[in-house]
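# Tertiary structure, described
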Amino acid sequence: MKILIVEDERKTAAYLKRGLEENGFVVDVADTGEDGSHLAETRQYELIILDVLLPGRDGWSVVTGLRRRRIETPVLFLTARDAIRDRVKGLELGADDYLVKPFAFSELLARMRSILRRGPARQSTQLRLADLEVDLGRHRAQRAGRALELTPKEFQLLCLLLQRSGEVLSRTLIAEQVWDINFESDSNVVEVHVRRLRAKVDDPFEAKLIHTVRGVGYVLEKRP
Ligand code: CA
């Protein structure tokens, strides 16, 4: 069981890491929101323990960013603030539970175990088309049983195409959804990423799933 702790107070982070390791967990620690986000996006964790008040990017922003990228790793917030509106805000943003500092370590373990028992799936996190499968919660994609090694952007692009499979998506829409940018007509960022995605998703297989609709955009669908 791999756990990510995002906590800027060194003593607290060290105490949590030691306690969790004694209980059989494998633990990574990040001390800023940026580093925490990066780890959460690039590695697999069963749970993220996330401090709210962090230098730079705070815990709210981290969890919002992860959920927008469809990374559904469960999040347990740690915070010194106990105001009710903070609790509500955390849960609305997609946190799974909330623990107010100071807390007993046994309480943390109990909350963690309860979240881990529930599993990562608040909703169905599996998307499927033909032999292509994507697990949003675990951030994994495979085709014909073979794991696809995708970058975070390729993964997001594939999720978008798959969630709206059968629908032609314009480059503008894709750029907005995946890159959060206003598309500039001379930019070929979408084409470049579609090409890389095809190399992994389609090239090794006979049946092609990603199709170009000339002058419009792209569609993911199974064609006879
Ligand atoms: Ca803090």
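Throughout what follows, the structure given in this document is the object of discussion. The shown structure was predicted, so the numbers you read here are calculated from the model rather than taken from an experiment.

Basis of the calculations
- Once a new chain begins, its residue numbering starts again from 1 and follows that chain's sequence as written.
- Restriction of local features to residues with pLDDT of at least 70 applies here, the model being predicted, together with a cutoff of 80 or more for giving and counting side-chain atom pairs; totals for whole chains, interfaces and linings are based on all residues.
- Side-chain metrics rest on all non-hydrogen atoms present in the structure, leaving aside hydrogens and water.
- Paired strands are those between which DSSP finds at least two bridges.
- Strands are runs of DSSP state E lasting at least two residues, helices are runs of H or I lasting at least four, and both sets are numbered from the N terminus onward.
- Contacts are assigned to residue pairs that have any heavy atoms within 4.5 Å of one another.
- Only the stretch in contact is used when fitting a helix axis, every axis being a line fitted to C-alpha atoms; angles between N-to-C directions are given from 0 to 180 degrees.
- Atoms of type N, O and S within 2.8 Å of a metal are treated as its donors, and for Na, K and Ca the window is 3.2 Å; water is not considered, so some sites may appear to be missing partners.
- Think of it in three bands: residues with accessible area under 20% of the maximum for their type are buried, residues over 50% are exposed, and the middle band is partly exposed, with areas taken using a 1.4 Å probe on protein chains only.
- In this analysis a 1.4 Å probe is tested at points of a 1 Å grid over the protein atoms alone, and where it fits but cannot get out there is a cavity; an open set with protein on both sides within 12 Å along at least five of seven lines is a pocket; lining residues have an atom within 4 Å of a point.
- Grid points are joined across faces, edges and corners, and a volume is the space filled by probe spheres set on the points.
- The nonpolar class holds Ala, Val, Leu, Ile, Met, Phe, Trp, Tyr, Cys and Pro. Asp, Glu, Lys and Arg form the charged class, and all remaining residues, Gly among them, are polar.
- For salt bridges, the criterion is a side-chain nitrogen of Lys or Arg within 4 Å of an Asp or Glu carboxyl oxygen.
- Each Phe, Tyr or Trp ring (for Trp, its six-membered ring) is paired with any other whose centre lies within 6.5 Å, and the angle between the two planes then decides the class: stacked below 30 degrees, edge-to-face above 60, tilted in between.

### Considering the sheet that holds strand β11 (residues 210-213)
Taken in spatial order, the three strands of this open sheet run β10-β12-β11, and their pairing is antiparallel. One side of each edge strand has no neighbouring strand; the edge strands of this open sheet are β10 (169-170) and β11. In the packing of helix α6 (residues 152-163) onto the sheet, contacts are made with β10 and β12 (217-220), and the angle to β12 comes to roughly 70 degrees.

### Some points on the coordination of the calcium ion
Protein-derived coordination of the calcium ion comes from Asp 8 (OD), Glu 9 (OE), Asp 51 (OD) and Leu 53 (O), at a distance range of 2.1 to 3.1 Å. All donor residues of the calcium ion come from one chain, and their arrangement in sequence is D-E-x41-D-x1-L. Taking relative accessible area as the criterion, Glu 9 reaches 36% and is therefore assigned partly exposed.

### Concerning the layout of surface pockets
Considering only enclosed or pocket space, the largest pocket measures out at about 370 Å³ in volume. In terms of lining, the largest pocket is formed by 19 residues, of which the most central are Gln 44, His 139, Arg 140, Ala 141 and Leu 148. Listing elements by their share of the lining of the largest pocket, those giving two or more residues are α2 (33-42), β7 (132-135), β8 (140-143), β9 (146-148) and α6. Tallied by class, residues from the lining of the largest pocket come to seven nonpolar, six polar and six charged.

### Considering the pattern of salt bridges
Throughout the structure, instances matching the rule amount to 19 salt bridges. The partner of Asp 28 in a salt bridge is Arg 43, and the shortest N-O contact between them spans 3.0 Å. In this pair, Asp 28 sits in strand β2 (residues 26-30) while Arg 43 sits in the loop between α2 and β3 (47-51), placing the two residues 15 residues apart along the sequence. For Asp 28, a relative accessible area of 17% puts it in the buried group. A salt bridge links Asp 51 to Lys 101; the nearest nitrogen and oxygen atoms lie 3.2 Å apart. Taken as a pair, Asp 51 in strand β3 and Lys 101 in the loop between β5 (97-100) and α5 (105-118) lie far apart in primary sequence, 50 residues in all. Across the pair, Lys 101 and Asp 51 agree in class, each one buried. Overlapping salt bridges, with partners in common, bring together Glu 7, Glu 9, Asp 51 and Lys 101 in one network.

### Quick word on α2
Restricting attention to buried positions, one finds in α2 the residues Gly 33, Gly 36, Ser 37, Leu 39, Ala 40 and Glu 41. Close packing links the buried residues of α2 with β1 (2-6), β2, β3, α3 (59-68) and α6.

### Quick look at the sheet that holds β5
Taken in spatial order, the five strands make up an open sheet running β2-β1-β3-β4-β5, and their pairing is parallel. Every interior strand has two partners, whereas the edge strands, β2 and β5, have only one. Strand-to-strand twist of the sheet, defined as the mean angle between neighbouring strand axes without regard to direction, takes the value 20 degrees. As paired strands, β3 and strand β4 (residues 75-79) are joined by four bridges and run parallel to one another. Looking at the pairing, Ile 49 lines up with Leu 76 of β4. Packing against the sheet, α5 makes contact with β1, β3, β4 and β5, and its axis sits at approximately 175 degrees to β5.

### What about the packing of aromatic side chains?
In the structure shown here, the tally under the stated rule is three aromatic pairs. For the pair Trp 60 and Phe 77, a centre-to-centre distance of 5.1 Å together with 70 degrees between the ring planes defines the contact as edge-to-face. Here Trp 60 is found in helix α3, whereas its partner Phe 77 is found in strand β4, with 17 residues between them in sequence. Put simply, the rings of Trp 60, Phe 77 and Tyr 98 touch in pairs and so form one group of aromatic residues.

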